[in-house]
Amino acid sequence: MQNIEAYQKSFISYLEDFTTEREPKNLYEPVNYILKLGGKRLRPVLTVMTADIFGAHINEAMDAALSVEVFHNFSLVHDDIMDDAPLRRGKETVHEKWDVNTGILSGDAMLILAYQLFENYQPQVFQALAKLFSKTALEVCEGQQYDIDFETRNDVTIPEYLKMIEYKTAVLVGAAMKMGAIVASASIKDQELIYDFGRFLGVAFQLQDDYLDAFGNPETFGKQVGGDIIENKKTYLYLKTLELGTENQKDEFLSVMQNANISNDEKVKMAKRLFEDSGSAEATQQAVRAYTAKAFNVLNDLDISEEKKHVLKVFGEQLMNRRV
């Protein structure tokens, strides 16, 4: 077993070999740009780590891990276009640095490249990976559509929101881990269990991301802090404020969110105060801990050593406690 930093280093080296110059440059330069922007490489690291945990050599999992990373970044390129987001990981988004048409086409190419990487596996493994990938990719699209729909709805429930983030974010984390198990020829039972571990961890990750969008450090978070507030997104913080707040707090919150005459900075400041005063901020952190605990409970049934279970648990704890 390696530590997380070692997995990251091995994967980044493999990624660098993938991001070579190709023609036409205007198609592939944006691909390489987004892939080189950095980030924690959470999903591919999970693929590589899971393969290692189930007894495969990490090199066997690199193409599956790269596929997950390419797909994830494809979704970010298109998400940023839909959100008209100016920054991604502290740098210009693809459609800002080039243009919208380039972002759409380069994103399309990334989706194809992600599928193409499965061709490096034997037929049985290829089929299992491609089947999982197709299911997951479609769920991610469904989650994105739910997210868009919520922007124009005023009756979004917390269960609906949790389903949305499960599809938009968590299923890809689960799939990343299951891919590692597939490459390592783990049992079907263990493949499903590690998928559930990743899925629960993915929900916790997204809830923490919601929290950090409001309360993260702008210098380390890598995205526009308060972006969800500015866009009136029905996040867990938003919905919990309406659930937990007093009538006055709820009225003030809705007034702030619907007021087009205040600056973005003032809107973010006022919303954050109401998140804290209503108990929504603390409730969000409690939900992060609850989903992390669900993930840890899955570990009890996995057919791996206690040492390996500990590695997965430490990773989950680091994820839950991140501040960037």
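Right above here is the structure, for reference.
Cut-offs used in this document
- All residue numbers refer to position in the chain's written sequence, counted from 1.
- In view of the model being predicted, local features appear only for residues whose pLDDT reaches at least 70, and side-chain atom pairs are presented and counted only at 80 or more, with totals across whole chains, interfaces and linings using the full set of residues.
- Side-chain numbers come from the whole structure's heavy atoms, not from hydrogens or water.
- Working definition: helices are DSSP H or I runs of at least four residues, strands are E runs of at least two. Numbering for both runs from the N terminus.
- When we talk radius of gyration, it's over C-alpha atoms, and the globule rule is simply 2.2 Å times the number of residues to the 0.38.
- Here's how the labels work: a residue is buried when its accessible area is under 20% of the maximum for its type, exposed when over 50%, partly exposed in between, all with a 1.4 Å probe on protein chains only.
- In what follows, residue pairs with any heavy atoms lying within 4.5 Å of each other are defined as contacts.
- The method behind every accessible area is Shrake-Rupley, applied with a 1.4 Å probe, and residues are considered shielded solely by the protein chains displayed.
- The charge count treats Lys and Arg as positive and Asp and Glu as negative. His and the chain ends do not count.
- One atom stands in for each charge, and that atom is NZ of Lys, CZ of Arg, CG of Asp or CD of Glu.
- Between rings of Phe, Tyr and Trp, where Trp is taken as its six-membered ring, a pair exists when centres lie within 6.5 Å; planes separated by under 30 degrees are stacked, by over 60 edge-to-face, and by other angles tilted.
- Counting as a charge over the ring demands two things of the Lys NZ or Arg CZ atom: a distance within 6 Å of the ring centre and an angle within 35 degrees of the ring normal.
- Within this scheme, the nonpolar core is defined by two criteria: the residues are buried Ala, Val, Leu, Ile, Met, Phe, Trp, Tyr or Cys, and they are joined through side-chain atoms within 4.5 Å.
- Between the first and last residue of a helix there are one fewer steps than residues, each counted as 1.5 Å, and that sum is the expected span.
- By arc we mean the arc of the directions from the helix axis to the C-beta atoms, nothing more.
- Whenever a nitrogen or oxygen atom comes within 3.5 Å of another N or O atom, the pair is scored as a polar contact, on the condition that within protein one atom can donate a hydrogen and the other can accept it, and that pairs from neighbouring residues in sequence are kept only if both atoms are in side chains.

Chemist: Looking at this structure, how should I read the overall build of the protein?
Modeler: When helices and strands are counted, the protein shows 16 helices and two strands. Its C-alpha atoms give the protein a radius of gyration of 20 Å, near enough to 20 Å, the size a compact globule of 324 residues would have. Counting only C-alpha atoms and orienting by the principal axes, one finds that the protein spans roughly 60 × 50 × 30 Å. For the protein, the proportion of its 324 residues judged to be buried stands at 55%. Of the contacts made within the protein by residues no fewer than 6 positions apart, 72% connect residues no fewer than 24 positions apart. Looking at the protein as shown, the accessible area adds up to about 14,900 Å², and 48% of this sits on carbon and sulfur atoms. In the protein, 35 side chains carry a positive charge and 50 a negative one; their mean positions are 3 Å apart.

Chemist: What is the right way to look at the packing of aromatic side chains in this model?
Modeler: Aromatic ring pairs are described here by two measures, namely the spacing of the ring centres and the angle between the planes. A complete count under the given rule lists twelve aromatic pairs for this structure. Plain terms: the ring middles of Tyr 115 and Phe 133 are 4.6 Å apart, the flat faces sit at 75 degrees to each other, and that makes the pair edge-to-face. Here Tyr 115 is found in helix α6 (residues 100-116), whereas its partner Phe 133 is found in helix α7 (residues 123-150), with 18 residues between them in sequence. Taking the ring centre of Trp 98 as reference, the NZ or CZ of Lys 97 above it sits at 5.7 Å.

Chemist: Teacher, can you tell me more about the side chain of Thr 136 here?
Modeler: Position of Thr 136 among the secondary structure elements: in helix α7. Apart from residues no more than four positions distant in its own chain, Thr 136 is found in contact with Val 171, Leu 172 and Ala 175.

Chemist: Explain unusual backbone geometry here, please?
Modeler: Trans peptide bonds make up the majority, and among non-glycine residues the majority have a negative phi. With an omega dihedral of -5 degrees, the bond running from Glu 23 to Pro 24 counts as a cis peptide bond. Here Pro 24 lies in the loop between α1 (4-18) and α2 (25-35). Despite not being glycine, Arg 89 has its phi angle at roughly 55 degrees, a positive value. You can see Arg 89 is positioned in the loop between β1 (87-88) and β2 (91-92). Note on Arg 89: relative accessible area 22%, which makes it partly exposed. Even without being glycine, Ser 185 reaches a positive phi, approximately 60 degrees. Within the secondary structure, Ser 185 sits in the loop between α8 (158-183) and α9 (188-215).

Chemist: How should I be thinking about the side chain of Thr 93 in this particular structure?
Modeler: Relative to the helices and strands, Thr 93 resides in the loop between β2 and α5 (94-97). On the basis of relative accessible area, Thr 93 is assigned to the buried category, the value being 1%.

Chemist: Got a minute to help me understand the nonpolar core in this structure?
Modeler: Side chains that are nonpolar tend, in soluble globular proteins, to be buried together. Phe 54, Val 70, Phe 197, Leu 207 and Leu 312 are the most contacted members of the largest nonpolar core, which has 106 residues in total. Looking at this core, the element that brings in the most residues is α8, giving 17 residues. Discounting chain neighbours no more than four positions away, the residues touching Phe 54 are Ala 181, Ala 184, Ala 186, Asp 190, Ile 194, Leu 302 and Ile 304.

Chemist: Looking at this structure, how should I read the environment of His 72?
Modeler: Here His 72 is to be found in helix α4 (residues 62-83). Residues His 72 and Glu 60, spaced twelve residues apart in sequence, show a C-alpha to C-alpha distance of 20 Å. Residues within four places of His 72 in sequence aside, it is in contact with Arg 43, Arg 89 and Leu 172.

Chemist: Can you walk me through the environment of Val 156 in this structure?
Modeler: Looking at the element boundaries, Val 156 is found in the loop between α7 and α8. Val 156 sits 83 residues away from Leu 239 along the chain, and the two C-alpha atoms are 7.8 Å apart.

Chemist: Looking at this structure, I do not really get α6. What am I missing?
Modeler: Along an α-helix, residues three or four positions apart point the same way, because every turn accommodates 3.6 residues. Here α6 is 17 residues long and its end C-alpha atoms lie 25 Å apart, about the 24 Å a rise of 1.5 Å per residue gives. Residues of α6 that are buried: Thr 102, Gly 103, Ser 106, Gly 107, Ala 109, Met 110, Leu 113 and Ala 114. Relative to the axis of α6, the buried residues are bounded by an arc of 165 degrees and lie together on one face. Of the exposed residues in α6, the ones pointing more than 90 degrees away from its buried face are Asn 101, Leu 105 and Ile 112. Here the buried face of α6 lies against α1, α2, α4, α5 and α7. Its side-chain oxygen at 3.2 Å from the backbone nitrogen of Asn 101, Asp 99 defines the N-terminal cap of α6.

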